Amino acid sequence: MAGRVEGKVAVITGAARGQGRSHAVRLASEGADIIAVDVCRPVTDTTAIPAATPDDLAETVDLVKGLGRRVVSAEVDVRDFDALRAAVDSGVEQLGRLDIVCANAGIGNGGATLDRTTEADWDDMIGINLSGVWKSVKAAVPHLIAGGRGGSIILTSSVGGLKAYPNTGHYIAAKHGVVGLMRTFAVELGQHSIRVNSVHPTNVNTPMFMNEGTMKLFRPDLESPGPDDMAVVARLMHVLPIGWVEPEDISNAVLFLASDESRYITGLPMTVDAGSMLK
């Protein structure tokens, strides 16, 4: 089945790489034009995960164009509502409409227990992974309502938005908060035929997960753990015999929620977790 979002326009935050890039490419492959937003620079001094770059965002743009779709890009921090709103407004003006919102931008940092988490780590995490999601939707909603065609909003949460893990409490709090945003937006926007759902990935094979800090978090018993070492522990999180999923697995869920195939689905926390929630 091709053209599942043909003629629609999607705004995607965190689009420079990882899940965001995958979502942009998947939606474009099914006919959507893309407004691709990413900060493209370090946003915190407290994470060892390398930041996305302008070249990463340019590569996403090229991939979308290679599929024959239009694309507008902007380098914006999702904590900056005025800049975010300006980017969305400009994208809609250039592409003519807005139908789909993927509030995907997020960070990982820390590794301490909650009582030892620094205020800087907490503020960065909540500012980007929770407030940034709210601001992304807030910037887009006026266009969805004005279009009069309804729409689909997909918020990226995590299995950590449905259950807790140690040493990532600020992340867990933010991702749980995303579920509250999703449900409230769903109730408030349903009258406009705007559907709001969240996706809850387990570990995903992106730079956010595949990095030295995460590997050490999973294998503190080893001095220099690698992916194979981490996989031994990561598989224990799941019912299916894998340690992580691929970005495309999340993008397939996003595409379903963005398409008319899910036209009566709203308020749903959709897991893509290899059975993690059963453990």
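For the structure, see preceding data.
Rules behind the numbers
Residues numbered from 1 in each chain as written. Predicted model: local features only at pLDDT ≥ 70, side-chain atom pairs only at ≥ 80, totals over all residues. Heavy atoms only, no water. Pairing = 2+ DSSP bridges. Helix = DSSP H or I, 4+ residues; strand = E, 2+ residues; numbered from the N terminus. Axes fitted to C-alpha atoms, helices over the stretch in contact; angles between N-to-C directions. Contact = heavy atoms within 4.5 Å. Expected span 1.5 Å × (residues − 1). Parallel < 35°, antiparallel > 145°, perpendicular 65-115°, else oblique. Left-handed = near helix turned anticlockwise from the far one by under 90°. Nonpolar A, V, L, I, M, F, W, Y, C, P; charged D, E, K, R; others polar. Salt bridge = Lys/Arg side-chain N within 4 Å of Asp/Glu carboxyl O. Core = buried A, V, L, I, M, F, W, Y, C linked by side-chain atoms within 4.5 Å. Buried < 20%, exposed > 50% of the residue type's maximum accessible area, 1.4 Å probe, protein only. Patch = residues over 30% accessible without salt bridge, like charges linked within 9 Å, V, L, I, M, F, W, Y side chains within 5 Å. Areas by Shrake-Rupley, 256 points an atom, 1.4 Å probe, with all protein chains shown as cover. Phe/Tyr/Trp six-rings, centres within 6.5 Å; stacked < 30°, edge-to-face > 60°. Lys NZ or Arg CZ within 6 Å of the ring centre and 35° of its normal.

Moving on, we get to the sheet that holds strand β6 (residues 194–201). Backbone-to-backbone hydrogen bonds pair the strands of a sheet. The strands run either parallel or antiparallel. Taken in spatial order, the seven strands of this open sheet run β3-β2-β1-β4-β5-β6-β7, and their pairing is parallel. The open sheet is flanked by β3 (71–75) and β7 (269–272), the only strands paired with a single partner. Taking the axes of each pair of neighbouring strands and ignoring which way they run, one obtains an average angle of 15° across the sheet. Note that strand β2 (residues 33–38) and β3 share five bridges and pair parallel. Counted as the bridge partner of I35 is V72 from β3. Against the sheet, helix α1 (residues 18–29) contacts β1 (9–13), β2, β4 (100–103), β5 (151–156) and β6, and its axis sits at roughly 170° relative to β1. With respect to the sheet, helix α5 (residues 169–189) is in contact with β5, β6 and β7, its orientation differing from that of β6 by roughly 165°.

Before going further, it helps to examine helix α3 (residues 81–95). Relative to the 21 Å expected for 15 residues at 1.5 Å per residue, α3 spans 21 Å between its end C-alpha atoms, a close match to the ideal helical length. Buried residues belonging to α3 abut β1, β2, β3 and α4 (119–147). Looking one or two residues past α3, G96 carries a phi angle of roughly 95°, positive in sign.

A few words on the packing of α4 against α5. Their axes nearest at 9 Å, the elements α4 and α5 cross at an angle of 15°. On the basis of the axis angle, α4 is roughly parallel to α5. Relative to α5, α4 is oriented so that their crossing is right-handed. The segment α4 lies against α5, with D121, W122, M125, I126, N129, L130, V133, W134, V137, V141 and I145 engaging H170, Y171, A173, A174, K175, G177, V178, L181, F185 and L189. Residue classes in the contact of α4 with α5 are distributed as 16 nonpolar, three polar and two charged.

The subject of this paragraph is the side chain of D33. Within the secondary structure, D33 sits in strand β2. With sequence-adjacent residues up to four places away left out, D33 is seen in contact with K8, V9, A10, R69, R70 and L95.

For the structure on display, the rule yields 15 salt bridges. R26 is paired through a salt bridge with E30; the nearest N and O atoms lie 3.3 Å apart. Taking the shortest distance from any N to any O, the salt bridge between D77 and R41 comes out at 3.8 Å. Here D77, found in the loop between β3 and α3, pairs with R41, found in the loop between β2 and α2 (54–66); they are 36 residues apart in sequence, far enough to count as distant. Each of E6, D33, R69 and R70 takes part in one network of salt bridges that share partners.

Bringing the nonpolar core into the picture now. With 43 residues, the main nonpolar core has I35, L98, I153, L155 and V196 as its most contacted residues. Tallying contributions element by element places α4 first for this core, with 10 residues. Contacts of L155, omitting those with residues within four sequence positions, involve A103, V133, V137, V178, L181, M182, N197, S198 and V199. Residues A28, V199, V204 and M270 belong to the second largest nonpolar core, which totals 31 residues.

On to the environment of M208, then. By secondary structure assignment, the location of M208 is in the loop between β6 and α6 (212–218). The spatial distance from the C-alpha of M208 to the C-alpha of N109 is 9.5 Å, given a sequence separation of 99 residues. Residue contacts for M208: discarding those within four places in its chain leaves I49, G106, I107, G108 and T214.

A few words on the packing of α3 against α4. Contact geometry for α3 and α4: axes closest at 9 Å, N-to-C directions at 35°. For the crossing formed where α3 meets α4, the hand is right-handed. Contacts between α3 and α4 involve F81, L84, R85, V88, D89 and V92 on the former and, on the latter, K135, S136, K138, A139, A140 and H143.

For the rest of this paragraph, the subject is a nonpolar patch on the surface. Judged by side-chain polarity, V239, L240, I242 and L278 come together as a nonpolar surface patch covering roughly 390 Å² of accessible area. Tracing the backbone shows L240 in the loop between α7 (227–234) and α8 (247–258).

A word on the packing of aromatic side chains. How two aromatic rings sit relative to each other is given by the distance of their centres and the angle of their planes. What the rule picks out here adds up to two aromatic pairs. When the ring of F209 is compared with that of F218, the centres are 5.6 Å apart and the planes differ by 90°; the resulting orientation is edge-to-face. F218 shares its class with F209; the two are buried. Through pairs of rings, three or more aromatic residues link up here, namely F209, F218 and W244. Its end group placed over the ring of F81, K138 keeps NZ or CZ at 5.4 Å from the ring centre.

In short, the description is geometric, and any link to function would need to be established separately.
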